[in-house]
Each structure stands twice: as structure tokens, then as C-alpha cells.
Amino acid sequence: MTKVIKMFLFFSFFAFTTNAQESEELPYAEIPEYPETYNAATVSARMIDGLGFRYYWATKDLREEDLNYKPSETNRTTAETLDHLYGLATMIWNSAKQQPNVRPKPQEEPMTFEEQRARTLKRLKEASDILRTSTSSEIEKFDIVFQRGEQSSSVPFWHQINGPIADALWHTGQIVAYRRASGNPMQAGVSVFMGTVK
């Protein structure tokens, strides 16, 4: 075997191993088990799990041309839509962690698409885990809080459901449509109803 072929095989194996590890490390390749009981918090956790599962598969294996795609000049690109989804996931996470959404938003270090995807998924999972272990009577402590300087305001958790969670589901559907239009449809066999992959 020539040196070039050996190098090619080594790097192919390395890339395959890296992709396999990523699938194992990131949450939501499959939807988690049901919560043990129905209550306001566990139902909300399951909604976030459904979002996380959809997001995982909607964003898996996006290419540079997919990230740059936009259907018209007035639309966001896929990458810009993913930035917005990251912001929504952060708002959901902040609510579960009982920490404020600071305005104006603090500057973050630039992230690659893969870094942003991983952080989005992990924030959704952490928020879900917190809610899954909470009771209905505790749901009120997960209000959405906004802080601007010394001033703060809050809205009840209800707005989490019809706001960031519903909005994130909406935009995740856009990612699926955009990637199909840019020639890279979502992997076949993903059942959002069952939360499994064939």
C-alpha cells in the first residue's frame, strides 16, 4: 500500500470516528424516554425534547452552501436562522436556570456552525432536564426575565410555550425546507411522531 493510500485511509477513519463520537455526545439523536408523570413541567419538558429532536436532525450534516442559502433577498439565510434559533434556545435555557435574559445581549466569542449546534442542543437538553424533575407548583419560578441595566421585567412561563418554544419549532421547520431547496434534504427515516430514526 502506498503512503498516500495509507494517509487517505487514516484520515477517512479519523473523520468517521469523529462523526460517530459527535452522534454519541450530542443529545437528541433520539427523543428521551417519557417523563414518569404528567404535570405542567414535564409536559413542557417533553415539548422541548420534541424541539431538540427535530433540531438535531434538521441541522445534521448541513454544508456551507446550505448555511448560505436563502429563498429570496428579503429572507434570512439558513445560518442567520440558526443564529436566531440559538437565541431562542438560550431564552428557554435561561428561564429553566432562573437567570435573566440580559439586554443588550452580551457579546459571545464567535462560534463555528458545529459549536453553535452543539451548544443549542445542550441548552435545550439542560432546560428539559430541569423541567422534567420539577412539579406543577414549581412552574411559576420559570418565568422569562429580561434585564436591562438595573431594570428588570418578567412574563409568566405561559409565554415560554407560545413564544420561544413555538417560535423555535417554526424556524426548525424552515431549516428543513431550506436544506431541501439547497439540495441537501433531511435524512430519510426520521420519525418526529415516534422520536426515532429507522
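In the block above lies the structure referred to throughout.
Caption draft 1: Quick look at the overall build of the protein. Secondary structure summary: the protein contains 6 helices and 5 strands in total. The order of α-helices and β-strands along the protein, N terminus first, is α-α-α-α-β-α-β-β-α-β-β. Looking at the protein as a whole, 37% of its 198 residues qualify as buried. Taking contacts inside the protein between residues at least 6 apart in sequence as the whole, the part at least 24 apart equals 74%. If you sum the accessible surface of the protein, you get close to 12000 Å²; carbon and sulfur atoms cover 58% of it.

Caption draft 2: Structural detail: the packing of aromatic side chains. The full count for this structure, using the stated rule, is 2 aromatic pairs. Here the guanidinium or amino end of Arg-117 rests over the ring plane of Tyr-56, the centre of that ring lying 4.6 Å away. Stacked on the ring of Trp-93, the Lys or Arg Arg-123 has its end atom at 4.0 Å from the ring centre.

Caption draft 3: Inspection of the side chain of Thr-81 at higher detail. Within the secondary structure layout, Thr-81 lies in helix H4 (residues 78-97). For Thr-81, a relative accessible area of 1% translates into the label buried.

Caption draft 4: View of a nonpolar patch on the surface. Residues Tyr-38, Val-43 and Met-47 make up a contiguous nonpolar surface patch of about 350 Å² in total accessible area. Relative to the elements of secondary structure, Tyr-38 occurs in the loop between helix H1 (3-25) and helix H2 (40-59).

Caption draft 5: Quick look at the environment of Asp-143. Relative to the helices and strands, Asp-143 resides in the loop between helix H5 (113-132) and strand E2 (144-148). Given a relative accessible area of 25%, Asp-143 falls into the partly exposed group. When the C-alpha positions of Asp-143 and Gln-98 are compared, they lie 7.5 Å apart, and in sequence the two are 45 residues distant. Filtering out sequence-adjacent residues up to four positions away, Asp-143 remains in contact with Ser-95, Ser-154, Val-155, Pro-156 and Phe-157.

Caption draft 6: Just the pattern of salt bridges, in detail. Under the criterion given, the structure shown has 10 salt bridges. For Lys-60, the salt bridge is made with Asp-61, and the minimal N-O distance between the two is 3.3 Å. You can call Lys-60 buried: its relative accessible area is 16%. Between Glu-65 and Arg-63 there is a salt bridge, with its nearest N and O atoms 3.5 Å apart.

Caption draft 7: Examining the pairing of strand E3 (residues 151-155) more closely. Where E2 meets E3, 5 bridges bridge the pair, whose relative direction is antiparallel. Within E3, the position partnered with Ile-144 by the bridge is Val-155. Where E2 folds back on E3, the antiparallel hairpin that results is connected by 2 residues, among which Gly-149 adopts a positive phi of roughly 65 degrees.

Caption draft 8: Layout of unusual backbone geometry. That bond from Arg-103 to Pro-104 is cis: its omega, -10 degrees, falls within 30 degrees of zero. Assignment of secondary structure puts Pro-104 in the loop between strand E1 (101-102) and H5. A positive phi angle is found at Tyr-28, which is not glycine, with a value near 80 degrees. Judged by relative accessible area, which is 3%, Tyr-28 ranks as buried. Although it is not a glycine, Gln-98 adopts a positive phi angle of roughly 55 degrees. The topology assignment puts Gln-98 in the loop between H4 and E1. For Gln-98, a relative accessible area of 49% corresponds to the partly exposed category.

Analysis parameters
- Residues numbered from 1 in each chain as written.
- Predicted model: local features only at pLDDT ≥ 70, side-chain atom pairs only at ≥ 80, totals over all residues.
- Heavy atoms only, no water.
- Helix = DSSP H or I, 4+ residues; strand = E, 2+ residues; numbered from the N terminus.
- Buried < 20%, exposed > 50% of the residue type's maximum accessible area, 1.4 Å probe, protein only.
- Contact = heavy atoms within 4.5 Å.
- Areas by Shrake-Rupley, 256 points an atom, 1.4 Å probe, with all protein chains shown as cover.
- Phe/Tyr/Trp six-rings, centres within 6.5 Å; stacked < 30°, edge-to-face > 60°.
- Lys NZ or Arg CZ within 6 Å of the ring centre and 35° of its normal.
- Patch = residues over 30% accessible without salt bridge, like charges linked within 9 Å, V, L, I, M, F, W, Y side chains within 5 Å.
- Salt bridge = Lys/Arg side-chain N within 4 Å of Asp/Glu carboxyl O.
- Pairing = 2+ DSSP bridges.

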